Amino acid sequence: MKKIILTPNAPAPIGPYSQAILVDKTLYVSGQIPVVPSTGEVIIGIEAETQQVMENLQAILKEAGMTFDNVVKTTILLSDIGTFAKVNEIYGKFFKNEIAPARETYQVAHLPKSVNIEISCVAVKE
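Residues numbered from 1 in each chain as written. Predicted model: local features only at pLDDT ≥ 70, side-chain atom pairs only at ≥ 80, totals over all residues. Heavy atoms only, no water.

Counted only if it meets this: UniProt positions are given in the numbering used here, feature names are shortened, and annotations may be inferred rather than shown by experiment.
The name an unreviewed UniProt entry assigns to the chain is Reactive intermediate/imine deaminase, from the organism Capnocytophaga catalasegens. Annotation of the chain in UniProt includes, under Sequence similarities (unreviewed entry), the sentence "Belongs to the RutC family."

Re the packing of helix α1 (residues 46–63) against helix α2 (residues 84–92)
To keep it simple, the criterion reads: Under this scheme, a helix contributes an axis fitted over its contacting stretch, all axes are lines through C-alpha atoms, and angles between N-to-C directions fall in the 0 to 180 degree range. Secondary structure is summarised from DSSP: a helix means a run of H or I of at least four residues, a strand means a run of E of at least two, and numbering begins at the N terminus for each. The crossing is said to be left-handed when, going from far helix to near helix, the turn is anticlockwise and less than a right angle, and right-handed when the turn is clockwise. Whether two residues are in contact is decided by their heavy atoms, any of which lying within 4.5 Å being enough.
Close contact between α1 and α2 brings their axes to 9 Å; oriented N to C, the two are set at 35 degrees. In this structure, α1 crosses over α2, and the sense of that crossing is right-handed. Across the interface between the two elements, I46, E47, T50, Q51 and M54 from α1 touch K86, V87, I90 and Y91 from α2.

Brief notes about the sheet that holds strand β2 (residues 20–23)
Sheet strands pair via backbone hydrogen bonds, and the direction of the pair is either parallel or antiparallel. Threshold: Here a strand pair is declared whenever DSSP counts at least two bridges between the two strands.
One open sheet holds the six strands; their spatial order is β1-β2-β3-β6-β4-β5, and the pairing between them is mixed. The open sheet has two edge strands with one neighbour each: β1 (2–5) and β5 (102–107). Across the sheet, the axes of successive neighbouring strands diverge by a mean angle of 15 degrees, strand direction being ignored. One ladder, built from five bridges, connects strand β3 (residues 26–32) with strand β6 (residues 117–124); its direction is antiparallel. Across the sheet, L27 pairs through a bridge with A123, a residue of β6. Those strands touched by α1 are β1, β2, β3, β4 (71–78) and β6, and its axis lies near 25 degrees from that of β6. The strands that α2 touches are β4, β5 and β6; relative to β4, the one it contacts most, it runs at about 150 degrees.

As structure tokens, this is what we get:
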């Protein structure tokens, strides 16, 4: 059975999708961009953007009763693969567990609201 996960502590969906869907013990989190949930402000600058995206993901995970320790897979979309090292440094700070999730990273031509990063994830509740 599918359960919609929605929190005001992450940006509201800007289209026909949910922040996340929980199916049994698996959480599928939609791609998050660097938008401040309380104001709708788009953050600029790859370090600040990455931090905001990770905070948005964290809020959704929390709403579902999970943490980054539950994340098994992430997908990172970047407007410039040259920013990968900066993104990786900030991203890594959110995974305190020795077992990092599986991941792929792509450079893409364009992201919503002309941001530089979008990250989605899949998490499993044990």
